[in-house]
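If you want the building blocks of each chain, they are given just below.
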Number of protein chains: 2
Amino acid sequence: MNYDRISTPVLVVNPGIVKSNIRRINEKCQKSGVLFRPHFKTHQSKQIGRWFRDEGISSIAVSSVAMARYFASDGWNDITVAFPYNPREHVETDALSREISLTLTIPSPESAHILASKAESRLSVMIKVDTGYNRSGTRWDNLNDLSKIIDIICTNPLLTVKGLLTHAGDTYKSESTTQARERYTLSVSRMKQVRDSLQHPGLMISVGDTPSASLFSGYPDIDELRAGNFVFYDLMQLNIGSCSFDDIAAVMVCPVVDVRHRENIVVIYGGAVHLSKDYVTIDGSPVYGQIVRLTKTGWSSYDSPLYLSSLSQEHGIIKTEAGGTAGFRTGELVGVIPVHSCLTADLAGRYLLTDGTTADHLSGTSEWLYNGQV
Amino acid sequence: MNYDRISTPVLVVNPGIVKSNIRRINEKCQKSGVLFRPHFKTHQSKQIGRWFRDEGISSIAVSSVAMARYFASDGWNDITVAFPYNPREHVETDALSREISLTLTIPSPESAHILASKAESRLSVMIKVDTGYNRSGTRWDNLNDLSKIIDIICTNPLLTVKGLLTHAGDTYKSESTTQARERYTLSVSRMKQVRDSLQHPGLMISVGDTPSASLFSGYPDIDELRAGNFVFYDLMQLNIGSCSFDDIAAVMVCPVVDVRHRENIVVIYGGAVHLSKDYVTIDGSPVYGQIVRLTKTGWSSYDSPLYLSSLSQEHGIIKTEAGGTAGFRTGELVGVIPVHSCLTADLAGRYLLTDGTTADHLSGTSEWLYNGQV
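Peer 1: I'd love a proper account of the overall build of chain A, names of residues and values included.
Peer 2: Of the regular secondary structure elements, chain A holds 11 helices and 20 strands. Relative to its length of 374 residues, chain A is compact, with a C-alpha radius of gyration of 22 Å against a globular reference of 21 Å. The buried share of chain A, taken over its 374 residues, is 58%. Contacts in chain A between residues far apart in sequence, at least 24 positions, make up 66% of those at least 6 positions apart.

What follows is the structure, encoded as structure tokens:
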């Protein structure tokens, strides 16, 4: 990899690592007889999507209608919008459902009512179950409302209830791999409980979070896996223990613009608008990225890990031990492993691959629909 | 304002409030005989820039070379890049300096050396002084290095040292308006100390932070003011006390996608990719935005303030008091006052104005220079 030509913060992705991350989860799905429906919200890239297709994958999840449209235009025709149905985008949703096999996510009887009254084309529905994460959906123990959702959806013959969908997002906040495993296991057991109680024929169970997808060697008891972050991994996943340093596929390459030897500070061009303000807590302090050395073949860590300790709009601040700034020079480049690669990729807007080519990312502004005009 | 046509998260800006925010600071500058050089990194918009021009403003600050290029293309020809000089963008910097009056920021003798050896066109230089914020620059009490920077810059006759530049960024972390005022006052007194000690003819003092620009009725002792955030303000500024609710000019309008009456949760389509993960702490908890009611003329606050208590990629979670979800319906819209409008505007990528027209924002990806190719 020739980094020399980089002059401003650029997100560099190693395709070899991405492909191996895809293969690892795909093989575990195949072994478990589980449909792998990778979540494309992490990379949002047609190019990277094609690497999934090369592995035989044909079903995907996305988190917006714009994203569904983006991937449909690249030949994907089995797409789940794994985000609560947005009635205000019904026109766009309806148009897309006439072109591909589209599945929506319904979190409540109210949402089911709106969809059932509006739908004029064939749509599949996943019911969003909250198994304890406490974000969106209907709680696993509220069988009354879950069953109501099915009844309402079934009033419109164009709609089909496919299954139950959850996101055990609390695994991302786990303090150990054991805790992440326990949270996932509890979530799946609650999903089974719901499925068994509802007695609607053929209800599938769909789950998806990168920590558990990575930590388990197989996925018994589920029908579909929707993990997404594993494609790149990041510092959050490294911190949880879901990946090793060598599994991380994306690094933000940033110019050094100020080296302050007396104050043990290195300032980089790389701030909140490049990396996002997401952070992990390491040794009691917020950390906004891990600094890596750039090498001929990619990047490598420092012997003693070095972190971004604060970010403003364009500045990133590396605090070092005394003497730790000695190896840095203004005008040179460093790499930053992002805390949360989904958000960093979204900010980057495209990728430079380690083979010197580039890859696309859905443009943020193309999401903006106003009066039907993008 | 007709919000009805909004279907996905859109950043709405009230031009009347923006113009009045501009006028207020501009008048204080004029009264104090201070050059107002507004920082355009907050809005990054040619359209909004023209409202400044309408007030007679002709000098601006930006935080990247791409931003300087963007505004130069709209007729601005006195631009300071108020971010440490990035030697890797020297070619682009040099090209721009041949078209407009460009000022760079030099934080260290090392940076000065690189610029002095590379510069082949006329450039002005501001010396970045760290008056205690501990981000970039040379400390106010390191007169040796500050004086070295001047000497190095003066070795290249194309370069002119214009003055001293600082950013008292700790005012943003103030716990009271008194503390913000004290931090600013200390910063300015240190700048004066540096100027008086260096004895270089004509050194100007440039400062810029929205809390102090807003809190003081005039700006004695400085020559130039570079505040930027005041154009929109936001929840962070409201929380510090630098603005009133009515001064806030930007609101992210978001669809409601799930209302959970039993759990006292409202889920909106509006997450970290729309608002950023910046937060303020209110009553001991992190807050990612304040919820407002949309009205015919703009927006208004709830009697008892309602906040976004967590964000994931596309989801925003409003936690209410018991019964507080009663007024919300799936499919309707709410407004969110962003915590940090600079980051939210950067994510939004453009604006919808309350008069129904739109305004541009520099596209993030246009910043990416690789081998001279954007």
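Peer 1: Explain the domain arrangement of chain A residue by residue, including any values.
Peer 2: Residues and elements named next belong to chain A. In terms of domain boundaries, chain A breaks down into domain 1 (15–231) and domain 2 (244–360). Distance from the C-alpha centre of domain 1 to the C-alpha centre of domain 2: 32 Å. Going through the elements one at a time, α1 (15–32) and α2 (46–54) are the ones with two or more residues in the side of domain 1 that touches domain 2. Looking at the side of domain 1 that touches domain 2, the element that brings in the most residues is α1, giving 4 residues.

Peer 1: Mind laying out the relation of the copies chain B and chain A, listing which residues take part and the relevant values?
Peer 2: For the pair chain B and chain A, the relating rotation is 180°, the translation along its axis is 0.0 Å, and the fit reaches an RMSD of 0.0 Å. One copy is carried onto the other by what is essentially a two-fold rotation axis. Identified as the residue of chain B closest to the rotation axis by C-alpha distance is K277(B), at 2.6 Å. Looking at chain B, 100% of its interface residues are interface residues in chain A too, so the copies touch through the same face.

Peer 1: Explain the interface of chain B and chain A to me, and be specific about the residues and the numbers.
Peer 2: Each side of the interface is counted separately: chain B has 57 residues, and chain A has 57 residues. Elements supplying a minimum of two residues to the side of chain B that touches chain A: β4 (78–84), α5 (109–118), β11 (250–260), β12 (265–269), α10 (272–275), β17 (315–319), α11 (341–348) and β19 (350–353) of chain B. When grouped by side-chain class, the residues that make up the side of chain B that touches chain A number 23 nonpolar, 20 polar and 14 charged.

Peer 1: I'd like a rundown of the pairing of β11(B), residues and numbers included.
Peer 2: A regular strand places its side chains so that they alternate between the two faces of the sheet. Residue and element names in this part refer to chain B. Extensive coverage of β11 is indicated by the burial of 11 of its 11 residues. In this structure, strand β1 (residues 10–13) lies alongside β11, joined through 4 bridges in antiparallel fashion. Of the residues in β11, the one forming a bridge with L11 is M252. Sheet analysis places β11 next to strand β18 (residues 333–338), joined by 4 bridges and oriented antiparallel.

Peer 1: Quick rundown of the pairing of strand β8 (residues 159–165) of chain B? Include the residues and the values.
Peer 2: Residues and elements named next belong to chain B. Within β8, 6 of the 7 residues are buried, which leaves it mostly tucked inside the rest of the structure. Taken together, the 6 bridges between strand β6 (residues 123–130) and β8 define a ladder with parallel strand orientation. In the sheet register, V125 faces β8, and the bridge partner there is V161. Alignment of β8 against strand β9 (residues 204–207), held across 3 bridges, turns out to be parallel. Within the sheet, the bridge partner assigned to L164 lies in β9 and is I205.

Peer 1: Any chance you could break down the nonpolar core for me, citing the residues and the numbers?
Peer 2: Ranked by size, the top nonpolar core spans 238 residues in total, and within it L11(A), I127(A), L11(B) and I127(B) carry the most contacts. Look past the residues within four positions of I127(B) in its chain and what remains in contact with it is I106(B), L146(B), I149(B), V161(B), L164(B) and L165(B).

Peer 1: Run through the environment of S97(A), naming residues and quoting values.
Peer 2: Residue and element names in this part refer to chain A. If you trace the backbone, S97 turns up in helix α4 (residues 90–97). Assessed through the 21 C-beta atoms surrounding it within 10 Å, S97 is described here as buried. Each C-alpha atom of the pair S97 and A272 lies 37 Å from the other, and the pair is 175 residues apart in sequence. Excluding residues that lie within four positions of it along the chain, S97 makes contacts with L102, S121, R122 and L123.

Criteria and cut-off values
- Residues numbered from 1 in each chain as written.
- Chains lettered and ligands numbered in written order.
- Predicted model: local features only at pLDDT ≥ 70, side-chain atom pairs only at ≥ 80, totals over all residues.
- Helix = DSSP H or I, 4+ residues; strand = E, 2+ residues; numbered from the N terminus.
- Rg over C-alpha atoms; globule rule 2.2 N^0.38 Å.
- Buried ≥ 20, exposed ≤ 12 C-beta atoms within 10 Å, placed from the backbone.
- Contact = placed C-beta atoms within 7 Å.
- Domains from an automatic or database assignment.
- Least-squares fit on C-alpha atoms with pLDDT ≥ 70 in both.
- Nonpolar A, V, L, I, M, F, W, Y, C, P; charged D, E, K, R; others polar.
- Pairing = 2+ DSSP bridges.
- Core = buried A, V, L, I, M, F, W, Y, C linked by C-beta atoms within 7 Å.

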